[in-house]
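These are the residues of each chain, in order.
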Amino acid sequence: MSQGISLTFSRRLAVAGALAAVALTASGPALANPSILFDLGSGQVIEHEEAFKRWYPASLSKLMTAYVAFRALQAGEAELDSPIKVTKHAAAEPPSKMGLKPGTVLRLDTALKMMLVKSANDIAMAVAENIGGSQAAFAERMNAEAARLGMVGSHFVNPNGLFSPEQYTTARDIAVLVAALRRDFPQYAPWFSIEGLAFGKKTIPNYNLLIGRYDGADGMKTGFVCPSGFNQVGSATRDGRTLVAVVLGEQTAISRAEAAARLLDVGFAVPTKGSTTLASLQPYGDTETATNLRDVVCHKKTAAEQSEAPPAKTDEEKPKSPYQQKLVHPTLVAVSIGGATGPVPKAMLDAAGNQYADVPVPGWRPDLPPPVGLEVSAEGDQAAKN
């Protein structure tokens, strides 16, 4: 049963009516996985279900990577035009990725846009290594920020969402992080609503299918690995009111967009004013066990089906989802390599001001089992494919 906040009888009727209405136009089963819907302005929680259930974040991890980078900018550790060098380690990260060669240098703001829109794992790692000095040091900063923000059910070991049993979060914690991003760094909010990137002759669409398709959609991020299923943070603003839906563990890119849209529809249809907020919501349910959806989401699925991209074809017996339609004339933001004329991030300098060398991170021997916590499969789906 939903753990939604208490509503008056009339409000319950309104919510039920709104759900029934959107159900007529949305496909897929009723939302049963962790989720939360809240008002960004007031912090009021409108609906929530299994909000403290431990879950693998996949590329929702990149929201924390962005937050740490924004904090570094705020502290003067780097500037928007600071150079982000793609190391050998970063370039070797699995897809989704930009595929830039080791040694490639780009601006920090360009790197962050690539990370948020393309959800590029190689670029997320490059940002982490340049801002933090190393992956491990950056992960420490991610965990420090999580603790400071009160994300009591989260732990990070990498900046991009590569699967690890030691990297987990909750719907409630992601909501807290989203609120902090929008509250502390409103100047970067437009980056979360970019419809696509123009990189040379390539057009890179945003994996967030609400952008450009859902009325008022303005953010924020998607994520997918087989153990997590399809995760999404969807935000939208109407009449000056911004709502945020966090949906975890859906089975397709389309169903997660539809699930987020259903929650947002309910919130906009019922302007409730309750007393439960993100800060006051108390933990409940199982907060220690992470659910692994690999067998549910990826069993006997092709590589194309294990992707964030919406399927090219659908069941002819089902109507095509509005979130599967391609944008006719998407607004693209041009990005390119080079142009990094700003100061080198402080973490990349030693005490004498010399830049660290790009020393490759040693891998494990192929005749030995991989390190504990790193899952490797023939499909390569240990990567954060989003």
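Here goes a summary of the coordinates provided. (Residues numbered from 1 in each chain as written. Predicted model: local features only at pLDDT ≥ 70, side-chain atom pairs only at ≥ 80, totals over all residues. Heavy atoms only, no water.)

## A short note on the sheet that holds strand 6 (residues 202-205)
Cut-off, in case you're wondering: A pair of strands is labelled paired if DSSP reports no fewer than 2 bridges between them. By definition, any uninterrupted DSSP run of H or I lasting at least four residues is a helix, any uninterrupted run of E lasting at least two residues is a strand, and each is numbered from the N terminus. Between N-to-C directions, angles cover 0 to 180 degrees, with each direction set by a line fitted to C-alpha atoms, over the stretch in contact for helices. Contacts are assigned to residue pairs that have any heavy atoms within 4.5 Å of one another.
In space, the three strands of this open sheet follow the order 6-5-10, with mixed pairing throughout. Across the chains shown, the open sheet's two edge strands, defined by having one partner strand only, are strand 6 and strand 10 (332-335). The mean inter-strand angle of the sheet, taken between neighbouring strand axes irrespective of direction, is 30 degrees. For strand 5 (residues 196-199) and strand 6, the ladder comprises four bridges, and the chain directions are antiparallel. From the neighbouring strand, A198 faces strand 6, where its bridge partner is T203. Sheet strands in contact with helix 4 (residues 108-117) are strand 5, strand 6 and strand 10, and its direction is about 130 degrees off that of strand 5.

## Quick word on the pattern of salt bridges
Where we set the bar: Every case where a carboxyl oxygen of Asp or Glu lies within 4 Å of a side-chain nitrogen of Lys or Arg is listed as a salt bridge. We call a residue buried when its accessible area falls under 20% of the maximum for its residue type, exposed when it is over 50%, and partly exposed in between, using a 1.4 Å probe and counting protein chains only.
Within this structure, the stated rule accounts for eleven salt bridges. Note that E145 is salt-bridged to R71, the shortest N-O span being 2.9 Å. Within this pair, whereas E145 is found in helix 6 (residues 135-149), its partner R71 is found in helix 2 (residues 61-74), the two being separated by 74 residues in sequence. On the basis of relative accessibility, which here comes to 10%, the residue E145 falls in the buried class.

## Quick notes on the packing of aromatic side chains
What counts, and what does not: The criterion for an aromatic pair is that two Phe, Tyr or Trp rings (for Trp, the six-membered ring) have centres within 6.5 Å, with stacked assigned to planes under 30 degrees apart, edge-to-face to planes over 60 apart and tilted to the rest.
Per the counting criterion, the structure on display carries nine aromatic pairs. Aromatic pair F52 and Y284: ring centres 5.7 Å apart, planes at 75 degrees, arrangement edge-to-face. A residue pair is termed long-range when its members are at least 10 positions apart, and F52 in the loop between strand 2 (45-49) and helix 2 and Y284 in the loop between helix 8 (253-269) and helix 9 (294-297) qualify at 232 residues. Assessed through its relative accessible area of 5%, F52 is described here as buried. Centroid distance Y56 to F163: 4.8 Å. Interplanar angle 85 degrees. Geometry classified as edge-to-face. Taken together, the residues span a long stretch of sequence, with Y56 in the loop between strand 2 and helix 2 and F163 in the loop between helix 6 and helix 7 (171-184) at a distance of 107 residues.

## Some remarks on the packing of helix 2 against helix 6
Our working rule: Any angle between 65 and 115 degrees counts as roughly perpendicular, while under 35 counts as roughly parallel, over 145 as roughly antiparallel, and the rest as oblique. Amino acids outside the nonpolar list (Ala, Val, Leu, Ile, Met, Phe, Trp, Tyr, Cys, Pro) and the charged list (Asp, Glu, Lys, Arg) are all regarded as polar, and Gly is one of them.
Here helix 2 crosses helix 6 at 90 degrees, and the two axes come no closer than 10 Å. Relative to helix 6, the element helix 2 is oriented roughly perpendicular. Packed against helix 2, whose contacting residues are S61, M64, T65, Y67, V68, R71 and A72, the element helix 6 presents F138, R141, M142, E145, A146, R148 and L149 at the interface. Of the residues belonging to the contact of helix 2 with helix 6, the class tally is eight nonpolar, two polar and four charged.

## With respect to helix 6
Along an α-helix, residues three or four apart share an orientation, since each turn contains 3.6 residues. Worth spelling out the cut-off: Expected span of a helix, by definition, is 1.5 Å for each gap between consecutive residues, and there is one gap fewer than residues. Throughout, the arc means the angular range of directions from the helix axis out to the C-beta atoms.
For helix 6, which comprises 15 residues, the first-to-last C-alpha distance of 21 Å matches the rise-based estimate of 21 Å (1.5 Å per residue) to within 8%. Every buried residue of helix 6 is listed here: F138, A139, M142, E145, A146 and L149. What you see down the axis of helix 6 is that its buried residues fit within an arc of 120 degrees, all on one side. Away from its buried face, by an angle of more than 90 degrees, helix 6 presents the exposed residues A136, E140 and A147.

## Focus on the nonpolar core
Soluble globular proteins tend to pack their nonpolar side chains together in the buried interior. We apply this condition: To qualify as a nonpolar core, a set must consist of buried Ala, Val, Leu, Ile, Met, Phe, Trp, Tyr and Cys residues joined through side-chain atoms within 4.5 Å.
I36, M64, F70, V233 and V246 are the most contacted members of the largest nonpolar core, which totals 78 residues. In this structure, F70 is in contact with L112, L181, F185, Y188, W191 and F192, ignoring residues within four places of it in sequence.

## Observations regarding the pairing of strand 2
Among the five residues in strand 2, five count as buried, and that is most of the element. Relative to strand 2, strand 1 (residues 35-39) is paired through four bridges, and the arrangement is antiparallel. The partner of S35 across the bridge, within strand 2, is E49. The loop that links strand 1 with its antiparallel partner strand 2 comprises five residues; one of these, G43, has a positive phi angle of about 80 degrees.

## Focus: helix 4
Where burial is concerned, most of helix 4 is hidden: ten out of the ten residues are buried. Within the sequence span of helix 4, burial applies to L108, D109, T110, A111, L112, K113, M114, M115, L116 and V117. Positioned one or two residues after helix 4, S119 has a phi angle of 60 degrees, which is positive.

## Details of the sheet that holds strand 8 (residues 229-238)
One open sheet accounts for five strands, arranged 2-1-9-8-7; its pairing is antiparallel. Single-partner strands in this sheet number two, and they are strand 2 and strand 7 (217-225). Ignoring which end each strand starts from, the neighbouring axes of this sheet average 5 degrees apart. Relative to strand 8, strand 7 runs antiparallel, the two being bridged by eight bridges. Across the sheet, the residue bridging to V225 is G229, located in strand 8. Helix 8 rests against strand 1, strand 2, strand 7, strand 8 and strand 9 (241-250) of the sheet, and its axis sits at about 145 degrees to strand 9.

## Some details on the packing of helix 2 against helix 5 (residues 121-132)
Rules: In this scheme, a crossing is called left-handed if the near helix is turned counterclockwise away from the far one by less than a right angle; it is called right-handed if the turn is clockwise.
Remark: helix 2 packs on helix 5, axes separated minimally by 11 Å, with the N-to-C direction vectors making an angle of 35 degrees. Seen from above, helix 2 lies across helix 5 with left-handed handedness. Two secondary-structure elements touch here, helix 2 through K62, T65, A69 and A72 and helix 5 through N121, A124, V127 and I131. Taken together, the residues of the contact of helix 2 with helix 5 break down into five nonpolar, two polar and one charged.

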